[in-house]
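# Fold and geometry: a report
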Amino acid sequence: MHEINKATAELQEEMAQRIVLNPGGTRRIGNFGFIELEETWGDEATIINTARISTTNQRLRSGHEFSDRDRALLYQLLRDQHGTPFETVYFRFRFIAPIFVLRQWVKHRVSSWNEFSMRYRKPLSVAYVPDAAARTVDGFAVLDEAAVAEYEALMTQLFAWYEQQYNAACSRIDLARETGELGPKEGGRDPYRGRARELLRNVMPVAAYSDVYWTVNFRSLMNFFKLRRKQDAQYEIREYADAAFALFATRLPLLAETMQRVLDESASAAANAVQEPSGNA
């Protein structure tokens with residue numbers, strides 16, 4: 001592995017710390033990927049209490065108090081797509097993923113998205129490397145070991161070029177300040193170094209990793225799971241979606257079980273509809 005820069009080394013250390021501090025809420029994915037369910041707001045009781053606001057003043061304190069009637073109502077609300085009660089439960093994930101995965105993920109727009117910016121810091125100097133499962137389709141390797149080795153070498157070359165050019169730009173800026181061509185740096189962000197980072201980030205490949213905080217309500221999260229955990233979803237984002245689901249299911253098992261039941265029934269009904277004859281002669 002090539003030498004990593006400071007930002008990447010700091011993030012690597014932070015991931016290791018988070019795994020120790022929150023072992024049940026974190027997962028490593030691929031060669032540098034990571035996901036953590038940091039916080040949740042609300043639970044199954046929040047959903048039921050919200051749905052019953054017009055019918056009773058009695059409130060459940062948690063899902064542990066659920067009766068069979070409460071479980072049946074949770075299922076009915078989800079099955080019949082009573083959406084707003086499910087918008088009262090929120091989740092904050094942090095994930096480190098390749099940029100091409102982020103481009104698919106950000107299409108789930110009903111959420112809050114805060115991403116690492118290469119305007120303010122140098123990029124993470126690690127690229128996603130497809131493992132054997134990622135580059136194999138039905139037992140056939142679409143990229144061989146030689147191709148992967150060239151792929152890794154090209155990524156290393158790009159990161160090295162960035163470091164070389166950024167250091168050269170900083171040297172030119174410092175020299176211009178010493179000679180008086182530029183004024184001394186004032187407080188805050190250096191606009192000259194900032195512009196260098198803005199320009200040089202253009203060479204970063206979509207295989208480079210980025211760092212994101214994602215805050216999402218359950219209704220939107222369910223849609224993410226429905227689309228990105230399907231077998232025809234791209235392998236890499238499916239890995240993250242499966243990990244996110246596992247973390248969510250550990251935190252709210254009743255809601256996860258109910259959601260999976262509704263999704264399975266919906267998929268079965270759709271399959272049956274395709275198989276049934278149209279009835280037209």
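This section reports on the structure supplied with the text. (Residues numbered from 1 in each chain as written. Predicted model: local features only at pLDDT ≥ 70, side-chain atom pairs only at ≥ 80, totals over all residues. Heavy atoms only, no water.)

### A word on unusual backbone geometry
Even without being glycine, glutamine 81 reaches a positive phi, approximately 60 degrees. Within the fold, glutamine 81 resides in the loop between helix 3 (68-79) and strand 3 (90-98). A positive phi is found at aspartate 138, a non-glycine position, where the angle reads about 50 degrees. You can see aspartate 138 is positioned in the loop between strand 5 (136-137) and strand 6 (140-141). (Helix = DSSP H or I, 4+ residues; strand = E, 2+ residues; numbered from the N terminus.)

### Points about the packing of aromatic side chains
All chains considered together, the criterion is met by 17 aromatic pairs. Note on phenylalanine 93 and tryptophan 214: the rings are 5.9 Å apart at their centroids and 35 degrees apart in plane angle, and the pair reads as tilted. Of this pair, phenylalanine 93 sits in strand 3 while tryptophan 214 sits in strand 7 (residues 209-217); the two residues are 121 residues apart in sequence, bridging distant segments of the chain. Neither phenylalanine 93 nor tryptophan 214 differs from the other in exposure class; each is buried. Ring centres 6.0 Å apart and planes at 55 degrees place the aromatic pair phenylalanine 224 and phenylalanine 225 in the tilted group. Of the two residues, phenylalanine 224 and phenylalanine 225, both sit in the buried class. Sitting over the ring of phenylalanine 32, arginine 28 keeps its end group 6.0 Å from the ring centre. Sitting over the face of the ring of phenylalanine 245, arginine 229 holds its NZ or CZ atom 4.0 Å from the ring centroid. (Phe/Tyr/Trp six-rings, centres within 6.5 Å; stacked < 30°, edge-to-face > 60°. Buried < 20%, exposed > 50% of the residue type's maximum accessible area, 1.4 Å probe, protein only. Lys NZ or Arg CZ within 6 Å of the ring centre and 35° of its normal.)

### Observations concerning the nonpolar core
Counting 71 residues, the largest nonpolar core has Phe91, Phe218 and Phe248 as its most contacted members. Examining the composition of this core, we find that eight residues originate from one element, helix 8 (residues 235-251), more than from any other. Leave out the neighbours within four places in its chain, and phenylalanine 91 touches Leu37, Glu39, Thr40, Trp41, Trp214, Thr215, Val216, Phe218, Leu221, Phe248 and Leu252. (Core = buried A, V, L, I, M, F, W, Y, C linked by side-chain atoms within 4.5 Å. Contact = heavy atoms within 4.5 Å.)

### A few points about helix 5 (residues 145-178)
Over its 34 residues, helix 5 runs 50 Å from end to end, which matches the ideal 50 Å to within 8%, given 1.5 Å per residue. As for helix 5, its buried residues are in contact with helix 6 (191-200). Once helix 5 ends, the next one or two residues include glycine 180, with phi positive near 90 degrees. (Expected span 1.5 Å × (residues − 1).)

### So, the packing of helix 5 against helix 6
Each pair of packed helices can be described by the angle between their axes along with the distance between the axes. Two elements in contact, helix 5 and helix 6, have axes separated by 10 Å at closest approach and are oriented at 155 degrees. The pairing of helix 5 with helix 6 is recorded here as roughly antiparallel in orientation. Helix 6 is crossed by helix 5, and the crossing has right-handed handedness. Two secondary-structure elements touch here, helix 5 through Trp161, Tyr162, Gln165, Tyr166, Ala169, Cys170, Ile173, Asp174 and Arg177 and helix 6 through Tyr192, Arg193, Ala196, Arg197 and Leu200. Taken together, the residues that form the contact of helix 5 with helix 6 break down as nine nonpolar, one polar and four charged. (Axes fitted to C-alpha atoms, helices over the stretch in contact; angles between N-to-C directions. Parallel < 35°, antiparallel > 145°, perpendicular 65-115°, else oblique. Left-handed = near helix turned anticlockwise from the far one by under 90°. Nonpolar A, V, L, I, M, F, W, Y, C, P; charged D, E, K, R; others polar.)

### Looking at the side chain of glutamate 44
Locating glutamate 44 in the fold gives a position in helix 2 (residues 44-51). Lacking a salt bridge, the buried glutamate 44 has arginine 71 as its closest oppositely charged neighbour, with an N-O distance of 8.9 Å. A polar atom in the side chain of glutamate 44 sits 3.4 Å from the backbone nitrogen of leucine 254. Within the structure, glutamate 44 has its side chain in polar contact with the backbone nitrogen of leucine 255 (distance 3.0 Å). (Lys, Arg positive; Asp, Glu negative; His and termini not counted. Salt bridge = Lys/Arg side-chain N within 4 Å of Asp/Glu carboxyl O. Polar contact = N/O pair within 3.5 Å; in protein donor to acceptor, adjacent residues only side chain to side chain.)

### Some details on the packing of helix 2 against helix 3
One way to put it is that helix 2 packs onto helix 3 with a least axis distance of 10 Å and a crossing angle of 80 degrees. Relative to helix 3, helix 2 is oriented roughly perpendicular. Taking contact as the criterion, the partners of Glu44, Ile47, Ile48 and Ala51 in helix 2 are, on helix 3, Asp70, Leu73, Leu74 and Leu77. Of the residues assigned to the contact of helix 2 with helix 3, the class counts are six nonpolar, no polar and two charged.

### Notes on helix 8
Taking 1.5 Å per residue as the helical rise, helix 8 with its 17 residues ought to reach 24 Å, and the 25 Å between its terminal C-alpha atoms agrees with that figure. Glu236, Ile237, Arg238, Tyr240, Ala241, Ala243, Ala244, Phe245, Leu247 and Phe248 are the residues of helix 8 that are buried.

### A word on the sheet that holds strand 7
Read across the sheet, five strands follow the order 1-2-3-7-4 without closing on themselves; strand pairing throughout is antiparallel. One side of each edge strand has no neighbouring strand; the edge strands of this open sheet are strand 1 (26-29) and strand 4 (112-115). Neighbour-to-neighbour, the strand axes of the sheet open up by a mean angle of 15 degrees, direction not taken into account. Direction of pairing for strand 2 (residues 33-41) relative to strand 3: antiparallel, over a ladder of seven bridges. Counterpart to isoleucine 35 in the pairing with strand 3 is phenylalanine 95. Packing against the sheet, helix 8 makes contact with strand 1, strand 2, strand 3 and strand 7, and its axis sits at approximately 35 degrees to strand 2. (Pairing = 2+ DSSP bridges.)

Function-wise, these values are silent; they only describe arrangement.
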